[in-house]
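# Analysis of the macromolecular model
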Amino acid sequence: MSVVLLPILPPLIAVVAVLILRRGASALALTGATFSLAGSLWLMVRVVSGPTETLLLPGLPEMPLRLVAGPLTALLAVAVATVGTFVLIYAVGYMKRESGLCRFYAIMSLFLAAMQALVLAGDWVLLLAAWELIGLCSYLLIGFWFQRPEAADAAGRAFLYTRSADLGLYVAVFMLIGSTGTSEIAASLQADGSASTAAGLLLLLAAMGKSAQVPLQDWLMRAMAGPTPVSALLHSATLVAAGAILLIRSAPLLSPGVLLAVGLVGGFTTVAAGVIALAERDLKRLLAASTASQYGLMLVAVGAGVPLAALLHLLAHAAIKSTLFLAAGDLQHARGGSGFERLKGVGRDRPWTFAGFALAALALVGIPPLSGFFSKDAVIAAALSAEGAHWFGPLALAGALLTGAYMARALRLLWQDAGESRKVAGETWMRVAILGLVVPSVGMGLVFGPIEAVLDLPIPEAEGLGVVLLGLFAGVGGLALGWLVSARRLLGPIHRWAESGLSVAGGLTAWIGKPVMAVARGCERLEGRLYEAVLYLGRAGLFLASAGERVERGLFNAALCVGRVSLTVATYVRVGDERRIDGLIFALVAGVRALGAQARNLQSGLIHHSLAISAVATAVILAVLLFASSTSF
């Protein structure tokens, strides 16, 4: 078996085992994720010290499916498996009182397998298949509590927004395959000219949908209706990361014009989503808006032509954001909700959870020597060294400032004195998972140097003390502002607009979502009418068939009766024919034969006999004549 399959097969086997056994679902899913992590680590060791691992599988004619493990894809596989393993550890404690666990763990395992297939895909066809699978799994997981209207609405909204943007990926893939004649990703990235530009813009559209970039960010905040383990997995290293991963892997294809568009989309998103996060009054929704903002920074780095900076921030963000979400879920369990009113002072009740949350928050802000400091420094350096630095630099610094402000607001809320303590016993599984992810959140910066050396990607030129101080000043300044000044005062006249998600005239929900849903409801009604019509026609057909069956049965019985009468008559005719007419005929024949025999006896051939017979006959005749003549008189 190829080592490329090691990250993918264990969670797939776990899916099958959970669905067949229907018990021990958490243990099976966690075992699959753990083996996937071990396989990913072994795969990374193989490709770092040796050649790229490739596995060809049957696919379309002259377009085989490829799994390719190079240093970049193997590193991403390790990140996915690491976050997935700790999230499942957390889920054992978080979900133990919930129903539908077989469904939950089966979908989570399938989600991990699909994401591993996506990062290891070496051709566009396999990447599209994995892309579709993670979209399906995210829909099912966000709507896990489908009985709740908000969960069903959030799942439908996520499906609508991301699937609409996915059209960009489909068209881009068709264009790249058509222009290069191959589905291999590495070879198709050599396309140039108008095909390169158009495909790059379409890939950007697909990434905007998955990574919740402006104006497609709204679905991500609403996705908080799902369980916390789902939120942690979606926001860190799987679904939302897929858009950034797509652009990082496609970076060689992107023309200067497309890079500018990527950077501007990311820059505007990091500011807009940061403003939305600052105005939020729900901790999980704040973290969701923060996710869109941080992926905006990654797009700024890609647009600046430094995909390595985007990759480093993606890796750091995966550990940081999963830690923040898992800690937020533990705090939510303590107070029964994630609204700010419920969470005031909850950090004092859960000091260890709060400590993990605080470390991850400071890492996200970029406080040294935590991991986010190094990754955000690389992003800001890339932004300031790019051709569009006059755009990218201010937007990236504004995003860093807003990160500090909204994280300080959350920290202050969680630690402020709220009066009486309401301590509730926590789950050991949840604490273990939070602790496990705090470690890379804090110390991942130590491996950034070796990662740069192994990947051999270009690094920003504008490095130096000035860049470091700019980023640090933005982060620390944001922390100070968020701690000391209320969000209402910081945002001023746009505060209410930010609370509504910066929507314009209702946003895409009003422009696209509601019309599409209205069309869908109309189609549903039409389908209902057609169903009723078909059902009516079916019932009418059944009635006619039943009536025809009754007529047929009557005709059959009539024919059967006529047949029986005919058989009876035929029987009597046969008996009469055989026993009466035939008997009479046979008797007559016998009599004639007997008479003939008697007559034959008279023909002896003797003359005196013949004369005697003649004399007797003559006498008889004369007697008859005499008798007849006498009676006439």
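The structure contained in this document is the topic of the report that follows.

### Remarks on the overall build of the protein chain
The helix and strand inventory of the protein chain stands at 26 helices and two strands. Principal-axis analysis of the C-alpha atoms places the extent of the protein chain at approximately 175 × 60 × 45 Å. In the protein chain, which comprises 633 residues, the share counted as buried stands at 50%. Taking as baseline every contact in the protein chain between residues at least 6 positions apart, the subset at least 24 positions apart corresponds to 80%. Positive and negative side-chain charges of the protein chain, numbering 44 and 34 respectively, have mean locations separated by a distance of 11 Å.

### A closer look at the side chain of S188
Locating S188 in the fold gives a position in helix α7 (residues 185-188). Of the polar contacts made by the side chain of S188, one reaches the backbone oxygen of I185; its length is 2.9 Å. When near neighbours in sequence (up to four residues on either side) are disregarded, S188 contacts W124, L176, T180, T182 and L253.

### Description of the packing of helix α3 (residues 71-94) against helix α20 (residues 428-443)
Where α3 contacts α20, the axes come no closer than 7 Å and their chain directions differ by 160°. With respect to α20, the element α3 is oriented roughly antiparallel. Considering the relative orientation of α3 and α20, their crossing is left-handed. Packed against α3, whose contacting residues are V83, F86, I89, Y90, V92, G93 and Y94, the element α20 presents W429, M430, V432, A433, I434, G436 and L437 at the interface. Residue classes in the contact of α3 with α20 are distributed as twelve nonpolar, two polar and no charged.

### Brief notes about the packing of aromatic side chains
All told, the structure shown has eight aromatic pairs when counted by the stated rule. Centre to centre, the rings of F354 and W415 are 4.9 Å apart; their planes meet at 25°, and the pair counts as stacked. You can see F354 sitting in helix α17 (residues 351-365) and its partner W415 sitting in helix α19 (residues 389-415), a full 61 residues away along the chain. On the accessibility criterion, F354 (12% relative accessible area) is buried. What makes W415 partly exposed here is its relative accessible area of 33%. Of the aromatic side chains, those joined through ring pairs into one cluster are F104, Y105, F144 and W145. A cation over a ring is seen here: R348 above W415, with NZ or CZ 4.7 Å from the ring centre.

Conventions used here
Residues numbered from 1 in each chain as written. Predicted model: local features only at pLDDT ≥ 70, side-chain atom pairs only at ≥ 80, totals over all residues. Heavy atoms only, no water. Helix = DSSP H or I, 4+ residues; strand = E, 2+ residues; numbered from the N terminus. Buried < 20%, exposed > 50% of the residue type's maximum accessible area, 1.4 Å probe, protein only. Contact = heavy atoms within 4.5 Å. Lys, Arg positive; Asp, Glu negative; His and termini not counted. Charge placed at Lys NZ, Arg CZ, Asp CG, Glu CD. Polar contact = N/O pair within 3.5 Å; in protein donor to acceptor, adjacent residues only side chain to side chain. Axes fitted to C-alpha atoms, helices over the stretch in contact; angles between N-to-C directions. Parallel < 35°, antiparallel > 145°, perpendicular 65-115°, else oblique. Left-handed = near helix turned anticlockwise from the far one by under 90°. Nonpolar A, V, L, I, M, F, W, Y, C, P; charged D, E, K, R; others polar. Phe/Tyr/Trp six-rings, centres within 6.5 Å; stacked < 30°, edge-to-face > 60°. Lys NZ or Arg CZ within 6 Å of the ring centre and 35° of its normal.

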